[in-house]
Amino acid sequence: MRRPLRRRHLNAAVQSLAAAQALVRAVRGRPGGLCVLTGAGMSAESGIPTFRDALTGLWARFDPAELASEDGFRADPQRVWDWYAERREAARAAEPNAGHHALARFARRWPGTLALVTQNVDDLHQRAGNTDAVRLHGDLLADRWLQACPRRRDCSPDAAVPGRPPRCGECGNPLRPGVVWFGEELPPQALEAARQAAEACALMLVVGTSGAVWPAAGLVGLARRRGAQVLIVNPAASEIDDEAHLVLRGTAARMLPPLLLDDTVLGS
Ligand code: APR
């Protein structure tokens with residue numbers, strides 16, 4: 001007689017959580033032992049939409065080429081500026097979720113073990129306490145000038161004349177969101193720090209990313225090639241599942257507390 005389906009699924013989930021907890025336990029206290037790579041799914045339970053989830057994802061509703069590229073900005077600066085202004089409001093109104101807090105608590109409990117690398121441009125990791133998170137794709141709440149000042153002045157973005165977008169009162173240089181747009185290079189220092197963290201870790205924990213965007217997605221394979229165990233937390237299949245030794249099909253806010261802090265078990 002076969003056990004009811006639900007019971008079997010729950011046991012499998014409990015077993016894989018237990019196996020995942022063992023991987024985390026093995027690196028606790030080890031300098032740089034745990035590298036965590038997060039994506040938009042990390043902030044989904046804080047009310048910030050992801051990019052590629054069907055229907056709800058930003059790119060299901062907006063064209064990334066028009067809104068997340070320099071060409072798109074130059075073509076319609078006001079539209080792009082307004083779109084990011086909306087996203088900023090949403091990010092400011094959002095609160096870190098239980099997943100963010102679990103990462104911050106882990107970092108406090110085992111100082112030096114965690115290297116946190118994020119693709120997210122919101123500040124929820126930082127607000128939860130992970131102020132040293134490596135930001136691969138920039139910061140939604142930090143503006144910068146679209147181009148270098150033609151008069152070689154080091155004007156502060158705060159000096160910009162208000163507008164949509166704000167501009168330099170002297171040369172008209174517009175401000176743009178401090179995020180990495182498609183076709184742009186990642187900040188070299190952040191990318192180098194992320195690569196070093198991926199190469200040094202014994203466990204690469206990947207949370208809430210589709211793995212659709214490089215070079216961020218490549219960090220997972222880099223860690224695996226260097227001998228790290230790869231653990232993925234995602235309620236759905238991602239493009240990097242093949243790199244994983246273990247996949248937990250669940251959400252960031254539900255899975256990270258039991259996984260990282262071991263002080264609760266699934267379903268209790
Ligand atoms: N918990 C964990 N994962 C989740 C959750 C959740 N609550 N909700 C959704 N996910 C997963 C989805 O299944 C999906 O695999 O999060 C992933 C989100 O994928 P994307 O929307 O593609 O976001 P991300 O991987 O971060 O995108 C990478 O692309 O658009 C650019 O610069 C942008 O940084 C972004 C990059």
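Below you will find a few notes about this structure. (Residues numbered from 1 in each chain as written. Predicted model: local features only at pLDDT ≥ 70, side-chain atom pairs only at ≥ 80, totals over all residues. Heavy atoms only, no water.)

Here we look at helix 6 (residues 77-93)
- A rise of 1.5 Å per residue sets the reference length of helix 6, with its 17 residues, at 24 Å; its end C-alpha atoms lie 24 Å apart and thus fit the reference within 8%.
- Taken together, the buried positions of helix 6 are occupied by Val80, Trp81, Trp83, Tyr84, Arg87, Arg88 and Ala91. One face of helix 6 carries all of its buried residues, which in axial projection span an arc of 160°. Away from the buried face of helix 6 by more than 90 degrees, exposed residues Glu86 and Ala93 are located.
- Packing partners of the buried residues in helix 6 comprise helix 3 (58-61), helix 4 (64-67), helix 5 (70-75), helix 8 (124-128), strand 4 (138-145) and strand 5 (175-179). (Helix = DSSP H or I, 4+ residues; strand = E, 2+ residues; numbered from the N terminus. Expected span 1.5 Å × (residues − 1). Buried < 20%, exposed > 50% of the residue type's maximum accessible area, 1.4 Å probe, protein only. Arc of directions from axis to C-beta. Contact = heavy atoms within 4.5 Å.)

Some remarks on the state of the cysteines
- By the definition in use, this model includes zero disulfides.
- Lacking any disulfide linkage, cysteine 168 is separated from the closest cysteine sulfur, that of cysteine 171, by 3.7 Å.
- Residue classification places cysteine 171 among the partly exposed residues on the basis of a relative accessible area of 25%. (Disulfide = S-S within 2.5 Å.)

Topic: the pattern of salt bridges
- This model, assessed by the stated rule, comprises eleven salt bridges.
- Close ionic contact of glutamate 70 with arginine 74 constitutes a salt bridge, the shortest N to O distance being 2.8 Å. Of this pair, glutamate 70 and arginine 74 both sit in helix 5, four residues apart, which is roughly one turn of the helix.
- Taking relative accessible area as the criterion, glutamate 70 reaches 27% and is therefore assigned partly exposed.
- Judged by its relative accessible area of 44%, arginine 74 is partly exposed.
- A salt bridge links glutamate 184 to arginine 176; its shortest N-O distance comes to 2.8 Å.
- A residue is classified by how much of its surface remains accessible, and arginine 176, at 1% relative accessible area, is buried. (Salt bridge = Lys/Arg side-chain N within 4 Å of Asp/Glu carboxyl O.)

Brief notes about the site of the ligand
- Around the ligand, the surrounding shell holds 22 residues, and the nearest of these are Phe51, Arg52, Thr209, Ser210 and Asn234.
- In the environment of the ligand, a nitrogen atom lies 2.9 Å from a nitrogen or oxygen atom belonging to the side chain of glutamate 45.
- Within the backbone of alanine 252, one N or O atom sits 3.0 Å away from a nitrogen atom of the ligand.
- Residues that form the shell around the ligand fall into these classes: nine nonpolar, ten polar and three charged. (Near = heavy atom within 4 Å. Polar contact = N/O pair within 3.5 Å; in protein donor to acceptor, adjacent residues only side chain to side chain. Nonpolar A, V, L, I, M, F, W, Y, C, P; charged D, E, K, R; others polar.)

Description of the side chain of arginine 87
- Mapped onto the secondary structure, arginine 87 falls in helix 6.
- No salt bridge is formed by the buried arginine 87; its nearest oppositely charged neighbour, aspartate 122, is found at 7.5 Å.
- Not counting the four nearest positions on each side in its chain, arginine 87 is found in contact with Phe51, Leu58, Val121 and Leu140. (Lys, Arg positive; Asp, Glu negative; His and termini not counted.)

Digging into the sheet that holds strand 3 (residues 134-135)
- Reading across from one edge, 3-2-1-6-7-8 is the order of the six strands in this open sheet, with parallel pairing throughout. At either end of the open sheet lies a strand with only one pairing partner, and these are strand 3 and strand 8 (246-248).
- Sheet topology places strand 1 (residues 34-38) next to strand 6 (residues 203-207); five bridges connect them, and they run parallel. The residue of strand 6 that forms the bridge with valine 36 is leucine 205.
- Across the sheet, helix 10 (residues 218-225) touches strand 1, strand 2 (114-118), strand 6 and strand 7 (229-233), and the angle it forms with strand 6 is around 160°. (Pairing = 2+ DSSP bridges. Axes fitted to C-alpha atoms, helices over the stretch in contact; angles between N-to-C directions.)

Overview of the packing of helix 7 (residues 98-109) against helix 11 (residues 252-261)
- One can describe the packing of helix 7 onto helix 11 by two numbers: an axis separation of 7 Å at closest approach and a directional angle of 20°. Here helix 7 is positioned roughly parallel relative to helix 11, judged by the angle of their axes. Like other packed secondary-structure pairs, helix 7 and helix 11 cross with a definite hand, here left-handed. Where helix 7 abuts helix 11, its residues Ala98, Gly99, Ala102, Leu103, Arg105, Phe106 and Arg109 lie against Ala252, Ala253, Leu256, Pro257, Leu260 and Leu261.
- A per-class count over the contact of helix 7 with helix 11 returns ten nonpolar, one polar and two charged. (Parallel < 35°, antiparallel > 145°, perpendicular 65-115°, else oblique. Left-handed = near helix turned anticlockwise from the far one by under 90°.)

Quick look at the packing of aromatic side chains
- Under the defined criterion, the tally for this structure stands at four aromatic pairs.
- Geometrically, the ring pair formed by tryptophan 83 and tyrosine 84 is edge-to-face, given 5.0 Å between the ring centres and 85° between the ring planes.
- In this structure tyrosine 84 comes out as buried when scored by relative accessible area, which is 2%.
- An aromatic cluster of at least three residues, connected via ring pairs, comprises Phe73, Trp83, Tyr84 and Trp181.
- The residue whose ring lies beneath arginine 88 is tryptophan 81, and the NZ or CZ to ring-centre distance is 5.0 Å.
- Geometry around tryptophan 181 places arginine 176 over its ring, the cationic atom sitting 3.8 Å from the centre. (Phe/Tyr/Trp six-rings, centres within 6.5 Å; stacked < 30°, edge-to-face > 60°. Lys NZ or Arg CZ within 6 Å of the ring centre and 35° of its normal.)

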